[in-house]
Amino acid sequence: MLLDIFDPKAPPRPIGIDLGTTHSIVATVRDGRPVPLTTCDGTALLPSVVYYSKEGGILVGRAAKAHATREPERTIQSAKRFMGRGGADPETKRPGAYRFAVPETEDEAKVVRFDLGWTRPSPVEVSAEILKSLRRSALDQLRTVGGVVITVPAYFDDAQRQATRDAGRLAGLEVLRLLNEPTAAALAYGLEKKRNGLFVVYDLGGGTFDVTVLRLEDGVFQVQSTGGDSALGGDDMDRAIAERMLAELAPQDARTPELVSLVLELAREAKHVLTERETVELDVHAPGAAPRRFTLSRSEFEALIEPLIERTQRACRRALRDADVSPADVDGVILVGGATRVPRVRRAVKELFGKEPLADIDPDLVVAYGAAVQADLLAKASDEVLLLDVLPLSLGIETMGGGVDRILPRNTTIPAGARSTFTTYADNQTGFEIHVVQGERELARDCRSLARFSLKGIPPMPAGMARLEVSFDVDENGLLHVTAMERTTGRSQTVEVRPSYGLSDEEVERMLIEALDHGEEDLEARRLADARVEAERIALATRKGLASDADLLTSEERAAIDRALAELETAARTATAARPIELAIDALAAATHEFAGRRMNRAIASAIAGKAVSDVEQSVAHAAGIEAHLASKGAR
């Protein structure tokens, strides 16, 4: 008999976890290769299902799944789809077997909770139970567990990523990093195959779809672009089958949670059978109803899921366009996720990319393998492999007039940091309102609001004198930290952006597709907004100049300036395009040209009165250096 000898001095073993919508896996690295660990179910795949008994007991995995048809009101499946989402999110309003708790306060509305009657767990708490089970399994086999890398869909936003990290901490895990699932798959394949080239990771799991274009070169994984849909996966295929069955079984108002859960479970079984066979027969034994038999062919199933396949194809074409490559440039397509076993999915991948996809590593395990490899590398502080993920959406702040100044553009490699400098718009402004947004549109109103905060206590100064430096730092987990500092006083404030709800399907489509569809009109709207702000700024400065130095003008010059000023203010109020305002600005500039020169001469004469020439030269050189270094932008 062989004995596993345990060294009490051995360091804790790092692990990787694929926290999936349908199944979750824990893996580690042994003898230089990733291997899955057996879960409490005796297999590598742990169903991501949690059952809550009235007595307070909690079951995870197959034991919980067994209760799904008998007690669906106490059983939570696919909790990952609701991570980081609020009660108003469209995903929580989709038809399904779940009842969600009605929020009693505004704060409660920010986090969706499952209504089980006697308890109201959040998706974070449900996920933590799954992670606790995986941790116990790892401890049973490894004796000690070190840091963990948990994978997330590439399209998870800040709220969803933070929720995943919180679930890990709640489960008692030391979360080293959150790793994008496509990057994890590429890491597993890169080490296994030792191949260089351009690859696409096609990840269709139970509840999410990701597509990532990346280049592998001598241990460097450079993500070129990423895309996908955070609410699309094998669960939607199950729903398509279930909806067809329910349409024949019962009207909408007669569908009990027990019936819906039963039919969904049968639909999952049918999907698996149709992967190998051409037809499947389903026997439905609904409570209080006569048994019914349904027959479903593979061709009928493929017709039902064709709209879902087209959604994945659109995301793939968009990712290729963002990476500026064609399908012919791709050296291989890596399949990830159990739903990629569906024959229609594999045919669609081959049709789009013109080559057979790579699937020789189990698509259910490849993400966990990559997570385990990354955890091992982090534990060793190894630099053998460099992972370069990217931001899926641009990050910026709202400027005066409603425009967006992008500080970190989409597809920026992370971790990343950048900063931009702004100034005050009005005299004696004692604070800044910083509005952080995410998206691809030119105006803040069309982007997603991430956070608002204020920096106060700035001494009153003339417009344009204060210097606000805004820094964006995105860490390796994709979480954003924003710092605002007023340079002349040193006052600063830092916030970690944690949005109160996740991106809906509609928001993702709006950010990425409408940014292209409305590109020209967005640019014109931004140009109009900027022109109005500039017009107001110039008009204000002109009126201040007239109030202080009107004696420098003749009556005819004053009349000409007043006319140009009135025409500018009228244009700023009524114009529907930027061009009329820009022409009015040019007209006012021409009318005030001589006046501006006279004012400058007066100011210089006053400034140098009684000073040595050398002192004046030094002051001018210093001021010029400052202006050359700082960007002058209008801030709210």
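First, a word on scope: everything that follows refers to the structure included in this document. (Residues numbered from 1 in each chain as written. Predicted model: local features only at pLDDT ≥ 70, side-chain atom pairs only at ≥ 80, totals over all residues. Heavy atoms only, no water.)

## Some thoughts on the overall build of the protein chain
- Each helix and strand counted, the protein chain has 15 helices and 25 strands in total.
- For the protein chain, buried positions account for 52% of its 636 residues.
- Pairs at least 24 apart in sequence give 67% of the contacts found in the protein chain among residues at least 6 apart.
- Here the protein chain has roughly 28800 Å² of accessible surface; of this, 51% comes from carbon and sulfur atoms. (Helix = DSSP H or I, 4+ residues; strand = E, 2+ residues; numbered from the N terminus. Buried < 20%, exposed > 50% of the residue type's maximum accessible area, 1.4 Å probe, protein only. Contact = heavy atoms within 4.5 Å. Areas by Shrake-Rupley, 256 points an atom, 1.4 Å probe, with all protein chains shown as cover.)

## Quick notes on the sheet that holds strand β22 (residues 448-456)
- Judged by pairing direction, the sheet is antiparallel, and its four strands sit side by side in the order β18-β17-β21-β22 without closing on themselves. Edge positions in the sheet fall to β18 (404-408) and β22, since each has one partner strand and no second. On average, each strand axis in the sheet is inclined to that of its neighbour by 30 degrees, with strand direction left out of account.
- One ladder, built from eight bridges, connects strand β21 (residues 431-438) with β22; its direction is antiparallel. Note that in β22 the partner of Ile434 across the bridge is Phe453. (Pairing = 2+ DSSP bridges. Axes fitted to C-alpha atoms, helices over the stretch in contact; angles between N-to-C directions.)

## Side note on helix α9 (residues 366-380)
- If you check α9, its first and last C-alpha atoms are 21 Å apart, about what 15 residues at 1.5 Å a residue would give, namely 21 Å.
- Summarising burial for α9: 12 of the 15 residues are buried, a large majority.
- Within α9, burial applies to Val366, Val367, Ala368, Tyr369, Gly370, Ala371, Ala372, Val373, Gln374, Ala375, Asp376 and Leu377. (Expected span 1.5 Å × (residues − 1).)

## Focus on the pairing of strand β23 (residues 468-474)
- Of all seven residues in β23, six are buried, a share of seventy percent or more.
- Sheet topology places β23 next to strand β24 (residues 480-486); seven bridges connect them, and they run antiparallel. Across the sheet, Val470 pairs through a bridge with Ala484, a residue of β24.

## Regarding unusual backbone geometry
- The phi dihedral of Arg143 falls on the positive side, at around 75 degrees, and the residue is not glycine.
- Among the secondary structure elements, Arg143 is positioned in the loop between α2 (123-142) and β8 (145-152).
- By relative accessible area, Arg143 is classed as partly exposed at 44%.
- Of note, the phi angle at Asp324 is positive, near 60 degrees, even though the residue is not glycine.
- Inspection of the secondary structure puts Asp324 in the loop between α7 (298-322) and β15 (332-336).
- Residue classification places Asp324 among the exposed residues on the basis of a relative accessible area of 70%.

## Let's talk about the nonpolar core
- Of all hydrophobic cores here, the largest spans 47 residues; its most connected members are Tyr202, Met237 and Phe353.
- Ranked by the residues each element gives to this core, the list is headed by helix α6 (residues 257-276), at nine residues.
- Contact partners of Phe353, with chain neighbours within four places excluded, come to Val200, Cys316, Leu320, Pro327, Val330 and Val333.
- One finds Val112, Val126, Ala163 and Val175 within the second-largest nonpolar core, a separate group that totals 34 residues. (Core = buried A, V, L, I, M, F, W, Y, C linked by side-chain atoms within 4.5 Å.)

## Some remarks on the sheet that holds strand β6 (residues 58-60)
- In space, the three strands of this open sheet follow the order β6-β5-β7, with antiparallel pairing throughout. Each of the sheet's edge strands pairs with one partner strand only, and the pair in question is β6 and β7 (75-77). Pairs of neighbouring strands in the sheet enclose a mean axial angle of 15 degrees, with direction left out of account.
- Note that strand β5 (residues 49-52) and β6 share three bridges and pair antiparallel. Looking at the pairing, Tyr52 lines up with Ile58 of β6.

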